Amino acid sequence: MTRILALLLAGLLLLLSGCGGKKERLYTEKQVLDQLEEAYGEEFAILRREELSETSIGDRYVRQGVAYTIAPLADPELRFEVKDLVGAVIGSPAPQLIRDEYHVFWVYYVDTALAGEMEALCREEGIRRLDDEWYRLGLSEEGWEEQAEALADFFEDCNDRRPYNCGGPMSSWLTLEVGSEEGNRWGGGFYDRDGGTYGLDLEGILEELGRDPEAEPAPDWELPPMEVHYGDKVIIDGDEVIVVNNYEEPEEKTVPFEGTVEGDGWSLGTAKLE
């Protein structure tokens, strides 16, 4: 009986391992260099490679992969990472048995080049790096406008220089802060992946970082209209109110509304009390 069960289990595993789907393959070293040369228009050299097997990176199960350290021949000191990976997205019940695999080729050339140039720019402009990486920056309380303009000019200039005009970075979100942790903060992208261009929303940065930190923040969107009527229960400023209609002295007023309407659950909008 035990022998029969073992044979059945072996047959099931063999069946699963041979089920359809596409099994991806890694690039050869020549293909890696060809991909980079085609994308960035220059030659590269592989300095180091590390084999990866049966591991996880982010939300991905990596069946097999290679992590490369690479440098452009024109600038051997600019060393960046490339990850060539095949596997299955985590969340599958048994990713090792899935043959419908992904193949990703992650290139950190632009990220590494940006990091070096941003470090030099921040040092020159007196901008503080608030994290291990440069994606979160602290601007001075005095002169932050000039620092923001210098950042905007830098990213605009990237559109005319290699390697930036050949593609974008893996990560393109930037956070700017002025003053203490309770001070003003702006967050936004510096690379438009659809248009393939670099740039900062300088107008939005100046508006957000220049507002009075003690003032109520402006709403992120216009509140949609919502009518409430006689007998409705609403919550205004934390207090429950029963809406009534005074027939002898009709009263109409519109107030920002956040809370509940009886029978309608939680809502956010503009309530017209009538």
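Now for a look at the structure at hand. Computed from a predicted model, the values in this text were never measured in an experiment. (Residues numbered from 1 in each chain as written. Predicted model: local features only at pLDDT ≥ 70, side-chain atom pairs only at ≥ 80, totals over all residues. Heavy atoms only, no water.)

1. Some remarks on the pattern of salt bridges
All told, the structure shown has 11 salt bridges when counted by the stated rule. For the salt bridge of Arg 136 with Asp 131, the shortest nitrogen-to-oxygen distance reads 3.3 Å. Relative accessible area serves as the criterion here: at 39%, Asp 131 is assigned to the partly exposed category. Salt bridges linked by common partners bring Asp 131, Arg 136, Glu 177 and Arg 185 together as one network. (Salt bridge = Lys/Arg side-chain N within 4 Å of Asp/Glu carboxyl O. Buried < 20%, exposed > 50% of the residue type's maximum accessible area, 1.4 Å probe, protein only.)

2. Digging into the side chain of Glu 24
Structurally, Glu 24 can be placed in the loop between helix H1 (2–17) and helix H2 (29–40). In contact with Glu 24, not counting residues within four places along its chain, are Arg 63, Val 86, Glu 101, Tyr 102 and His 103. (Helix = DSSP H or I, 4+ residues; strand = E, 2+ residues; numbered from the N terminus. Contact = heavy atoms within 4.5 Å.)

3. What about the side chain of Thr 175?
Take Thr 175: it is sitting in strand S7 (residues 173–178). Overall, the relative accessible area of 14% leaves Thr 175 in the buried class. The residues touching Thr 175, leaving out its near neighbours within four places in the chain, are Tyr 135, Arg 136, Leu 137, Arg 185, Trp 186 and Gly 187.

4. Points about the packing of helix H4 (residues 144–158) against helix H5 (residues 202–209)
Relative to each other, H4 and H5 sit at 160°, their axes nearing to 10 Å. It follows that H4 is roughly antiparallel to H5 by the angle criterion. As H4 packs across H5, the resulting crossing turns out to be right-handed. On the side of H4, the interface is formed by Trp 144, Glu 145, Ala 148, Glu 149 and Ala 152, while H5 contributes Leu 202, Ile 205, Leu 206 and Leu 209. In terms of residue class, the contact of H4 with H5 is built from 7 nonpolar, no polar and 2 charged. (Axes fitted to C-alpha atoms, helices over the stretch in contact; angles between N-to-C directions. Parallel < 35°, antiparallel > 145°, perpendicular 65-115°, else oblique. Left-handed = near helix turned anticlockwise from the far one by under 90°. Nonpolar A, V, L, I, M, F, W, Y, C, P; charged D, E, K, R; others polar.)

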